[in-house]
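# Structural overview for review
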Amino acid sequence: MAEVAEKKKISGMRALGMALGNRKTGFMLLFGFSSGLPFALFLGTLFAWLTEAEVDLETMGIFSLIGLAYAFQFLWSPLIDKVDLPLLRKLGKRKQWIVPMQLLLGAILVTMSLLDPKSQLGMFSLLAGIGAFASATQDIAINAWRIDVADEKATIDILSTVYQMGYRLSSLVGGALGLIIAARIGWPETYLMMGAILLVAGAICLMAPNADGDATQTSAVGDEQVRALRKAGEIEPAIRNRALALVGLLWAGAIGVVLAFMIMSMTYAPEDRPNPTDFTLNVGPWIIVATIVLPALIAGWLASQQRKGMHLLAEDAPPASGTAYALDHLYRALVLPLVEFVGRMGWSLVLILAVVLTYRICDAIWGTFAYPFYLGELQYTNDEVAFASKFFGVGAIILGLALGGWLLTVVGRMPTLLLGGILAALTNLLYADLAAGGANMGALSRAIGFTGLVESFPGGSEKLARLMITIGFENLAIGIAGAAYIAWLSSIVSKKFSAVQYALLSSLTLLVGTLGRGALGEMIEKQGFYDVFVLTTWIGLGAAVLVCIEWWRESRSKAAAGIIAPEAGETGQTG
């Protein structure tokens, strides 16, 4: 047994080394960096620039609308999966979206650097809004590219890990490092530099590889899927069109609500503008219901009808033309991704959604309350928190991601997912100790010599060491959990519909974070941080139990399908 384990370990390390040297992996790191940099610049450091420019807080509230582009990016994900851009399709199915968005983002940042945010706020905010939508669109395409290009050498596990490494590095560059640079050369020069970085990244990404055969394809695959809808054994067009009408109505209503909110926020007087936080909290879940939950139920009904042999074409129908042809294409873009996913997963979809909703709940909710805890409850200074959470913390996450990537190749996806979930849950107890005075974390820091190391630096203290070691352990666990979670999520979607299916699933993490923050904030006010950390520990452990059940389900599915190959090295769902 020991010899087998050692061989597996060596094989995993060799596979990891080969993957890291793969061309796809290098571009995945660049894509991850390009994905995270605009997010940091539009939703973080931009507010620091506006504050320095003496833009009032009420006006700054408009810029929180930028977050909606990321929150509801799944609303236009069908376009990314279906629409080809004129003259750009030869770049590749995903690169035709990624490269133009990167170049657009670079141009926007350069243009913003030439504007005065106080006297030219209208143009400034318009550019920031367009940039956020371009950034969110880029994210959809990059996530789909990662799933599409995965193979035996650059596995979905390694690509997902490397993507997050690039993303975390960019958050450090665009966040903490951006603040440091701006303090020395100014904000316009800083944004000019960041824009130039994205322009260079866009140029380099022209050379990124495509999925096998993608460079020579036009829209042949999509057209083939549309034509297949009229083959014998498929759902009758009349039934499909009714389902399409219902789903289309739900999606159109959701998009209309978001657009109305944004128009009201941009055009109404400050005192009459709707509150973005209230909108996300109160209306956001209903948008998810309208665009994901109800369409999934409709897709489930369609899949069940096909399994039962009801409402099916007895023979091939004539090729569609005109309006029928357009409706078939719309069905393929909007409904077919859900029908494929629900039909493939069946009732196990309930378990998958439960894992999606709970696995990242602790860090999805916690981010909002981290600074109030550090600065208010524990009375740390801004500099101490910035150093511990940004520089030291980001380093710990990257180390955790590297460890997670190694574990994925050695022990496999589901064991790493379980381990990461348990560790991420238990690190909440470390914060509970801090909330109770930090005696245990202080003792641990002293015992391993970390306190002495921190105190040897200017400004270092035993108190800072306690915070750093707690954040370090938490971020290490988050890195492992994050690597496994993104790899798992990427593995369960179909390559045929990767943009839509991944965008829909990942949006559910936003839902649980949004819903949980209000309740958690109320609990903090009534019971304090200690009880909240204990509660989130139990929630995280509950998610780990769900992972165990999902692991068992996957194992049974593979056994039933006759798959006996080890999980480590899988490239993901091919659909």
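To be clear, the structure that these remarks concern was listed above.
Each helix and strand counted, the protein has 23 helices and 0 strands in total. When the 575 residues of the protein are sorted by exposure, 53% land in the buried category. Sequence separation of at least 24 residues holds for 83% of the intrachain contacts in the protein that already meet a minimum separation of 6. When the accessible surface of the protein is totalled, it reaches about 24800 Å², and 68% of it is carbon and sulfur.

Turning to the environment of F450, a few remarks are in order. Structurally, F450 is set in helix α20 (residues 450-455). The buried category is assigned to F450, whose relative accessible area is 15%. Considered as a pair, F450 and M468 are 18 residues apart in the sequence and their alpha carbons are 9.4 Å apart. Other than its neighbours up to four places away in sequence, F450 contacts F392, S445, A465, M468 and I469.

Inspection of the secondary structure assignment puts T451 in helix α20. Within polar-contact distance, the side chain of T451 engages the side chain of S445 at 2.6 Å. Every residue in contact with T451, bar those within four places of it in the chain, is listed here: G442, S445, R446, E462 and A465.

Time to look at the nonpolar core. In terms of nonpolar packing, the biggest core is built from 124 residues, with F42, L46, F72, F74, W488 and I492 touching the most fellow members. Tallying contributions element by element places helix α7 (residues 121-149) first for this core, with 14 residues. Within the second largest apolar cluster, 26 residues are counted, among which are V385, L434, M468 and I469.

A positive phi is found at L87, a non-glycine position, where the angle reads about 70°. If you trace the backbone, L87 turns up in the loop between α5 (77-82) and α6 (95-113). Under the relative-accessibility criterion, L87 is labelled exposed at 79%. Unusually for a residue other than glycine, H311 sits at a positive phi of about 55°. With respect to the helices and strands, H311 occurs in the loop between α12 (276-308) and α13 (322-334). Taking the relative accessible area as the measure of exposure, H311 reaches 33% and is therefore partly exposed.

Time to look at the pattern of salt bridges. As enumerated under the stated definition, the model contains 11 salt bridges in all. A salt bridge links R466 to E462; the shortest N-O distance between them is 2.6 Å. Linking R466 with E462, this pair stays in helix α21 (residues 462-491), spanning 4 residues, or about one helical turn. Linked through salt bridges whose partners overlap, the residues forming this network are D81, R94 and D148.

As a packed pair, helix α19 (residues 439-447) and α21 sit with axes 9 Å apart at the nearest point and diverge in direction by 95°. With respect to each other, α19 and α21 are oriented roughly perpendicular. Across the interface between the two elements, M441, G442, L444, S445 and R446 of α19 pack against E462, A465, R466, I469, T470 and F473 of α21. Of the residues contributing to the contact of α19 with α21, the split by class is 5 nonpolar, 3 polar and 3 charged.

So, on to the environment of A503. Inspection of the secondary structure puts A503 in helix α22 (residues 498-527). Judged by its relative accessible area of 4%, A503 falls in the buried class. Filtering out sequence-adjacent residues up to four positions away, A503 remains in contact with F74 and S77.

This part takes up helix α15 (residues 348-358). Among the residues making up α15, those that are buried are S348, L349, L351, I352, V355 and V356. What you see down the axis of α15 is that its buried residues fit within an arc of 160°, all on one side.

What follows is about the packing of aromatic side chains. Following the criterion strictly, the structure yields 18 aromatic pairs and no others. A centroid spacing of 4.9 Å and a plane angle of 50° characterise the contact between W49 and Y191, whose relative ring orientation is tilted. With W49 in helix α2 (residues 23-52) and Y191 in helix α9 (residues 187-204), this pair connects stretches of sequence that are 142 residues apart. Relative accessible area serves as the criterion here: at 0%, Y191 is assigned to the buried category. Over the ring of Y331 we find R240; its NZ or CZ atom is 5.2 Å from the centre of that ring. Taking the ring centre of Y380 as reference, the NZ or CZ of K463 above it sits at 4.7 Å.

Let us look at helix α17 (residues 382-410). For α17, built from 29 residues, the straight-helix expectation of 42 Å at 1.5 Å per residue is met to within 8% by its first-to-last C-alpha distance of 40 Å. Along its length, α17 reaches its greatest deviation from straightness, about 40°, at G393. At the C-terminal side of α17, G412 shows a positive phi close to 110°.

Below, the discussion takes up the side chain of D433. Summarising the element assignment, D433 is placed in helix α18 (residues 413-435). For the buried residue D433, which engages in no salt bridge, the nearest side chain bearing the opposite charge is R466, 6.6 Å off. Beyond its immediate chain neighbours, meaning those up to four positions away, D433 contacts G438, A439, N440 and M441.

Reading the values: the criteria
Residues numbered from 1 in each chain as written. Predicted model: local features only at pLDDT ≥ 70, side-chain atom pairs only at ≥ 80, totals over all residues. Heavy atoms only, no water. Helix = DSSP H or I, 4+ residues; strand = E, 2+ residues; numbered from the N terminus. Buried < 20%, exposed > 50% of the residue type's maximum accessible area, 1.4 Å probe, protein only. Contact = heavy atoms within 4.5 Å. Areas by Shrake-Rupley, 256 points an atom, 1.4 Å probe, with all protein chains shown as cover. Polar contact = N/O pair within 3.5 Å; in protein donor to acceptor, adjacent residues only side chain to side chain. Core = buried A, V, L, I, M, F, W, Y, C linked by side-chain atoms within 4.5 Å. Salt bridge = Lys/Arg side-chain N within 4 Å of Asp/Glu carboxyl O. Axes fitted to C-alpha atoms, helices over the stretch in contact; angles between N-to-C directions. Parallel < 35°, antiparallel > 145°, perpendicular 65-115°, else oblique. Nonpolar A, V, L, I, M, F, W, Y, C, P; charged D, E, K, R; others polar. Arc of directions from axis to C-beta. Phe/Tyr/Trp six-rings, centres within 6.5 Å; stacked < 30°, edge-to-face > 60°. Lys NZ or Arg CZ within 6 Å of the ring centre and 35° of its normal. Expected span 1.5 Å × (residues − 1). Bend = angle between axes of the 7 residues up to and from the residue. Lys, Arg positive; Asp, Glu negative; His and termini not counted.

Treat this as a map of the structure, not an account of what it does.
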